[in-house]
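Breakdown of the fold
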Amino acid sequence: MPRTVEVRGFLLPYFPVNRTKPITNGIILLLQITGMRIFLASALLMAAPLMITNTSFAKDKKTVKQLKKQIGYLASDELEGRRTGTAGEKKAAEYIINYYSQNGIPAYKGNYRYPFTFISGKEIMPLTSISINGKKVTDLEEVFPLPFSVNSKRANGDALPGVLEHGNIWMMPIFADADEAKDAHFDWEKVAHEKAKDAAKQGATAVLFYDSYGAKYTPEFNKKSDYEALDIPVAMMLHKGYQKYVENHEGSVAVDMMVVLKKAEMTGTNLAAYIDNGAKYTVVLGAHYDHLGHGEDGNSLHAKKDGQIHNGADDNASGTAALMQLGVKIKNSKLKHYNYLLLHFSGEELGLLGSKAIVKEEKLDSTKIAYMINMDMVGRLNDSTHALTVGGIGTSPIWGKMIDKNNPAFKITYDSAGVGPSDHSSFYYQNIPVLFFFTGLHTDYHKPSDDADKINYKGQAMLQNYIYDVVGKMEKEPKPAFTATKQSTVGKVRFKVTLGVMPDYSYQDGGVRIDGVTDNKPAQKAGMKGGDIIIQLGDNKITGMQTYMEALGKFAEGDKTQVKVMRDGKELSLPIEFTSNK
Ligand SMILES: [Zn+2]
């Protein structure tokens, strides 16, 4: 028995199919017997043109079986959420590579693995030394240095809580009162940075914050912090340290501190397999295979920070399996008009790090790439809405012809933008036409509950057939023309205004480096370019993503100000007018 679908209140037998044929005013029952199609029935449906495509039902069954196996493994606890640079990522990589080599798809330029390094945050180095009343503090739950401390500069003195004198160490309370110590919304790090910055200006040689109340949400070292570094050492004494060193201590507190921090580097690994047909141009098919691990990077939407594994079945074991299967299907097909480069990106969840790295470092010749298809979250096709978002439609005039909105199997929504919340953006910025397939957000998105048992396997098989058809149709077309597009409307944080830039999330050297600007948006109109580093927006100094987002939040549509950028080592001030973020 076929599964049923609900169409306008009727439950109908439903077959995923693949060659398009417009049929109006009919309900279609389609049976397929090897090579022969029999169309049965038609009745009563006052629907818009309905299109039907054909595929082998038996083949889909095999696909579903394979998908269950592959997504089941990639999204299993054994891989611990495939966080970039971890053992789980490596296991996933091994699995993907094995699949390609077993199926005779060779490595790209002799290597399946393309590692890239990135700054994963700041690390407290063992040379850090903080002594209170002559005792060296070793427990970070008593005292820990703050990430915006000066590096390797020693300060010492006899401090008295609340006594703020020039040329001495200042001991200041972090919480103004007991209520603040209980407030979940109190941004202690921001307050600490502001106060310490001010203290440095007023001649403090170091700042030691202390918690005399006992915070409900205990501050901890934020390795991802991007507050600008100050020129004095700064540390936080938690309640435990306060009770031990200060509470029952008479007189001043002898403080000696030196903070040594290091930028921590990690290595992620992109994977590349290559079907070389000796063609002039290459098609890139891509999907990221990394996910959130246990949520260590702060990108989880899980309310409890309890370290659960985020299996990432839909995001993006689904796209990973789709890419593996499409790759093998293409290799075994008659599609030889293009070469096919199969790219599995890592670091996507940290800001498209892998796709940016492979585009830049491996010097993929963008003029030789015909187009790129990205699959990110393709496993949750909704059986009643059949909603499918296809992004990048505006990046080539050909896409409107290839992606027919009147498809029976999917209710397709176009997103014209070449820039979106996934790796196709990195290719769009190289002037490569892109398509992005996405079955939509859901309540398990970026939560530990994004599990394999929630995947719509038949739906994904159907989508894979559809993508394969698009690739097949493109074989008959010359290298598609590229067109620039507007900013995406899918996903991501919303602000009232936009600059129209794509920030480089991997850049950590002060300011916000941009990878590109969107046509007809304020940044482009102001004359900003990819590679510029934003250092000031109006009166707001920009030291990193955090200060950038805060600054952006202060502007409204129509506001005019100056944006300061660094370009080739020179500072430029450009007039900018904000437009609404729509
Ligand atoms: Zn994601």
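In this text, all values refer to a predicted model and were calculated from it rather than measured experimentally.

So, the packing of helix α6 (residues 313-331) against helix α10 (residues 457-474)
- One way to put it is that α6 packs onto α10 with a least axis distance of 10 Å and a crossing angle of 45°. What the angle tells us is that α6 and α10 run oblique. In this structure, α6 crosses over α10, and the sense of that crossing is right-handed. On α10, the residues touching S318, A322, Q325, L326, K329 and I330 of α6 are Q460, Q464, I467, Y468 and V471.
- For the contact of α6 with α10, the residue count by class is 6 nonpolar, 4 polar and 1 charged.

Re the environment of I373
- In this fold, I373 is placed in strand β19 (residues 369-375).
- If sequence neighbours within four positions are ignored, I373 has contacts with L285, L435 and I467.

Observations regarding unusual backbone geometry
- Here the bond from D315 into N316 is cis, since omega is -5°, no more than 30 degrees from zero.
- Here N316 lies in helix α6.
- Non-glycine residue S152 carries a positive phi angle of around 55°.
- With respect to the helices and strands, the residue S152 is situated in the loop between β10 (143-145) and β11 (154-159).
- The class for S152 is partly exposed, based on 13 C-beta atoms found within 10 Å.
- Non-glycine residue H386 carries a positive phi angle of around 55°.

What to know about the nonpolar core
- Within the largest apolar cluster, 104 residues are counted, with the highest numbers of intra-cluster contacts made by I71, A272 and F437.
- Per-element accounting of this core gives the leading share, 9 residues, to α6.
- Residue assignment places this core across two domains, with domain 2 (57-121 + 266-474) and domain 4 (497-580) each supplying three or more.
- Apart from residues lying up to four places away in sequence, I71 is in contact with A313, A317, S318, A321, G379, A452 and I455.
- Residues A159, M171, F175 and A181 belong to the second largest nonpolar core, which totals 40 residues.

Remarks on the sheet that holds β11
- Read from one edge to the other, the open sheet built from 4 strands follows the order β9-β8-β15-β11, with strand pairing classed as antiparallel. Of all strands in the sheet, those with a lone pairing partner are β9 (135-136) and β11, marking the two edges.
- Looking at chain direction, strand β8 (residues 129-132) and β9 are connected through 2 bridges and run antiparallel. Looking across to β9, one finds that I132 is bridged to K135.

Some words on the pairing of strand β14 (residues 234-237)
- The alternating pattern of β14 places V234 and M236 on one face and A235 and M237 on the opposite face, and all of these are buried.
- As judged from the 3 bridges shared by β10 and β14, these two strands associate in the antiparallel manner. Within β14, the residue paired with P145 across the bridge is A235.
- Two strands pair when backbone bridges link them, and strand β13 (residues 206-210) and β14 are joined in this way by 4 bridges, in the parallel orientation. When the sheet's bridge partners are listed, L208 is paired in β14 with A235.

Parameters and conventions
Residues numbered from 1 in each chain as written. Predicted model: local features only at pLDDT ≥ 70, side-chain atom pairs only at ≥ 80, totals over all residues. Axes fitted to C-alpha atoms, helices over the stretch in contact; angles between N-to-C directions. Helix = DSSP H or I, 4+ residues; strand = E, 2+ residues; numbered from the N terminus. Parallel < 35°, antiparallel > 145°, perpendicular 65-115°, else oblique. Left-handed = near helix turned anticlockwise from the far one by under 90°. Contact = placed C-beta atoms within 7 Å. Nonpolar A, V, L, I, M, F, W, Y, C, P; charged D, E, K, R; others polar. Buried ≥ 20, exposed ≤ 12 C-beta atoms within 10 Å, placed from the backbone. Core = buried A, V, L, I, M, F, W, Y, C linked by C-beta atoms within 7 Å. Domains from an automatic or database assignment. Pairing = 2+ DSSP bridges.

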